[in-house]
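Chain by chain, the residues:
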Amino acid sequence: MGESKRAVYWIRRLSEIAMLGWLSMLLLLDLVIAVGSGGLQYLTVLCGVAGIAAVVLRRRYRVESFAVLLGLSFVTSLVLGLDGVVGVPGTAETGATLILIIGVLRHVEPVRNAAILACAGLIVLMAETIWRSEGNQAFAFSFMLFVGWSTVAGAGGYLRFQQERRNEAVHSVRRAERLELARELHDLVAHHITGIVVQAQAARTVAVSSPDAVVPALDAIASAGSEALTSMRRMVTVLRADEASRAPGTSLADLRLLTERFSAEGPKVAFEIGSGLGDGALPPEVITTLHRVLLEALTNVRKHAPHTRWIEASLKRYEAVVVLRVRNYGSAADPRVARLGGGFGLVGMAERVEALGGRLRAGPTQEGAWEVLAEFPA
């Protein structure tokens, strides 16, 4: 998986270099045309330089760079039209405008503003052909630029649609996590309240025969109530923040049982629980979240890396943090399986972990393994 990540990174870098090289060649063509025509035709070269700069800065100043390029291109077309210069539209500025339209339609929020900017780009492109050329030449340029604008607008709209689908999927995952947290909150409250009621009944029973035993029972009731309030505050904070806790009965033994069941059906899992860790050493909601993260990590291995030979999992305590680490070795992701989708399960898990004051990371390691790491404050 580490190799695939690096491959994607370099493909993107090379694509960026190729795009800038293509725009530079178009700028060189504009310069050749300007040398042959002379006069105000050099303004198209200036627009081409501005277009390349806008493409380079598009991720940091997307709207601003696009607006500056549109304004400069429109003013240049107006000046050339009023002066009666007959030439050709600037190829570099046109190419840069089309590239920027894709990014605008994909990223600018809200979508209404993106559509307005894209239409403004079409107006500027049409102004290039109408005011910088004439006759059949203007008609031919107008047709070609309209086709180019339609193509990039369609591409940008499709990318926007895919991004909206992913955002909606992430939102659905978070909403599902909140609903499950509400159910777990009910179970957690019932668990603690049951313990408080039992202890209160016991204190009442022994109050007559052993009055000295009442005080320790009251202390235990107060302690149980304080623990219940702390757990409920944590879970309610999750629900209020729309961020992604333990159902009573989950223990560290369930984590080991989970890995044993997974090993029986899939790759072998070597699971280690460090010394000093027990059910009483961790809050109940942390144990449940550890169980869910481990389950999600193992499920992702089976789904996205089915040829993995073995998995290394560990739960250890390092001074102020408790760390759950899951690594799979010996297999990259199967693209046929990866195309089926995924990745949203870890979104919900990250919500839960962060709500408890921890953090979750997933990605390749230097050794070529894929690692899921969840940290919680001890």
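Residues numbered from 1 in each chain as written. Predicted model: local features only at pLDDT ≥ 70, side-chain atom pairs only at ≥ 80, totals over all residues. Heavy atoms only, no water.

Trainee: Residue-level account of the pattern of salt bridges, with values.
Mentor: Side-chain pairs of opposite charge can arise where the charged atoms are in close proximity. As enumerated under the stated definition, the model contains 10 salt bridges in all. In this structure, the salt-bridge partner of glutamate 16 is arginine 58, at a minimum N-O distance of 2.9 Å. Here glutamate 16 is found in helix H1 (residues 2-37), whereas its partner arginine 58 is found in the loop between helix H2 (42-56) and helix H3 (62-83), with 42 residues between them in sequence. Of the charged contacts, one joins glutamate 93 and arginine 132 as a salt bridge, the two residues approaching to 2.7 Å between their closest N and O atoms. Of the two residues, glutamate 93 is situated in helix H4 (residues 91-107) and arginine 132 in helix H5 (residues 111-132); the sequence distance between them amounts to 39 residues. The exposure class of glutamate 93 is buried, given its relative accessible area of 0%. Residue classification places arginine 132 among the buried positions, given a relative accessible area of 1%. What you see here is one network of salt bridges that share partners, running through Glu16, Arg58 and Arg59. (Salt bridge = Lys/Arg side-chain N within 4 Å of Asp/Glu carboxyl O. Helix = DSSP H or I, 4+ residues; strand = E, 2+ residues; numbered from the N terminus. Buried < 20%, exposed > 50% of the residue type's maximum accessible area, 1.4 Å probe, protein only.)

Trainee: Any details on the confidence of the model for the protein chain? Residues and values, ideally.
Mentor: The predicted model of the protein chain has a mean per-residue pLDDT of 80, with 82% of residues at 70 or higher. Per-residue pLDDT stays below 50 along residues 241-249; that stretch engages in 35 contacts with residues further than four places along the chain or on separate chains. Of the regions scoring below 50 in pLDDT, residues 333-342 engages in 14 contacts with residues more than four places distant in sequence or in other chains. (pLDDT = per-residue confidence, 0-100. Contact = heavy atoms within 4.5 Å.)

Trainee: Help me get a handle on unusual backbone geometry, residues and values and all.
Mentor: Looking along the chain, the bond that leaves glutamate 109 and enters proline 110 is cis, with omega of -10°. With respect to the helices and strands, the residue proline 110 is situated in the loop between H4 and H5.

Trainee: Summarise a nonpolar patch on the surface; cite the residues concerned and give the values.
Mentor: The grouping of Met25, Leu28, Leu31, Val32, Val35 and Tyr42 at the surface amounts to a nonpolar patch, some 580 Å² of accessible area in total. Looking at which element gives the most residues to the nonpolar patch, the answer is H1, with 5 residues. Summarising the element assignment, leucine 28 is placed in helix H1. Look at leucine 28 and you get partly exposed, because its relative accessible area is 47%. (Patch = residues over 30% accessible without salt bridge, like charges linked within 9 Å, V, L, I, M, F, W, Y side chains within 5 Å. Areas by Shrake-Rupley, 256 points an atom, 1.4 Å probe, with all protein chains shown as cover.)

Trainee: Outline H3, listing residues and values.
Mentor: The end-to-end C-alpha distance of H3 is 32 Å, a good match for the 32 Å that 22 residues give at a rise of 1.5 Å each. Taken as a whole, H3 has its buried residues at Arg62, Ser65, Phe66, Leu69, Leu70, Ser73, Thr76, Ser77 and Leu80. Here the buried residues of H3 occupy an arc of 135° about the axis, which is enough to place them on one side. Of the exposed residues in H3, the ones pointing more than 90 degrees away from its buried face are Val68 and Leu82. Of the surrounding elements, those touching the buried residues of H3 are H2, H4 and H5. Backbone geometry just after H3 places glycine 84 at a positive phi near 75°. (Expected span 1.5 Å × (residues − 1). Arc of directions from axis to C-beta.)

Trainee: How would you summarise the environment of isoleucine 101 if you had to cite specific residues and measurements?
Mentor: Looking at the secondary structure, you find isoleucine 101 in helix H4. Separated by 39 residues in the primary sequence, isoleucine 101 and arginine 62 have C-alpha atoms spaced 9.9 Å apart. Setting aside chain neighbours within four positions, we find isoleucine 101 in contact with Phe66, Ala118, Gly121, Trp149 and Val152.

Trainee: So what about the side chain of serine 142? Which residues, and what values?
Mentor: Its location among the elements puts serine 142 in helix H6 (residues 135-209). For serine 142, the side chain forms a polar contact with the side chain of threonine 129, separated by 2.7 Å. Those residues in contact with serine 142 that lie beyond four places of it in its chain are Met126 and Thr129. (Polar contact = N/O pair within 3.5 Å; in protein donor to acceptor, adjacent residues only side chain to side chain.)

Trainee: Run through the sheet that holds strand E1 (residues 268-273), naming residues and quoting values.
Mentor: If you trace the 5 strands from one edge of the open sheet to the other, you get E1-E2-E3-E5-E4, paired in mixed fashion. Bordering the open sheet on either side are E1 and strand E4 (359-364), each of which pairs with just one other strand. With strand direction ignored, the average angle separating the axes of adjacent strands in the sheet is 10°. With 6 bridges connecting them, E4 and strand E5 (residues 370-377) associate as antiparallel partners. Paired with proline 364 across the strands is tryptophan 370, a residue of E5. Running at roughly 10° to strand E3 (residues 321-329), helix H9 (residues 284-304) makes contact with E1, strand E2 (310-318), E3, E4 and E5 of the sheet. (Pairing = 2+ DSSP bridges. Axes fitted to C-alpha atoms, helices over the stretch in contact; angles between N-to-C directions.)

Trainee: Break down H5 for me, with residues and values.
Mentor: For H5, which comprises 22 residues, the first-to-last C-alpha distance of 32 Å matches the rise-based estimate of 32 Å (1.5 Å per residue) to within 8%. Taken together, the buried positions of H5 are occupied by Ala114, Leu117, Ala118, Gly121, Leu122, Val124, Leu125, Ala127, Glu128, Thr129 and Arg132.

Trainee: Give a detailed account of the packing of aromatic side chains, specifying residues and quantitative values.
Mentor: In total, this model carries 2 aromatic pairs according to the counting rule given. Ring centres of phenylalanine 146 and tryptophan 149 lie 6.2 Å apart, and the angle between their planes is 25°; on these two criteria the pair is classed as stacked. Here tryptophan 149 and phenylalanine 146 lie together in helix H6, a separation of 3 residues that amounts to about one turn. Residue class for phenylalanine 146 comes out partly exposed when judged on its relative accessible area of 40%. Given the relative accessible area of 14%, tryptophan 149 is considered buried. (Phe/Tyr/Trp six-rings, centres within 6.5 Å; stacked < 30°, edge-to-face > 60°.)

Trainee: Would you mind going over the pairing of E5 in detail, with residue names and values included?
Mentor: Counting buried positions along E5 yields 6 of 8 residues, so the element is predominantly enclosed. As judged from the 8 bridges shared by E3 and E5, these two strands associate in the antiparallel manner. What sits directly across from valine 321, in E5, is proline 377. Linking E4 to E5, which pair antiparallel, is a turn of 5 residues; within it glycine 368 sits at a positive phi near 90°.

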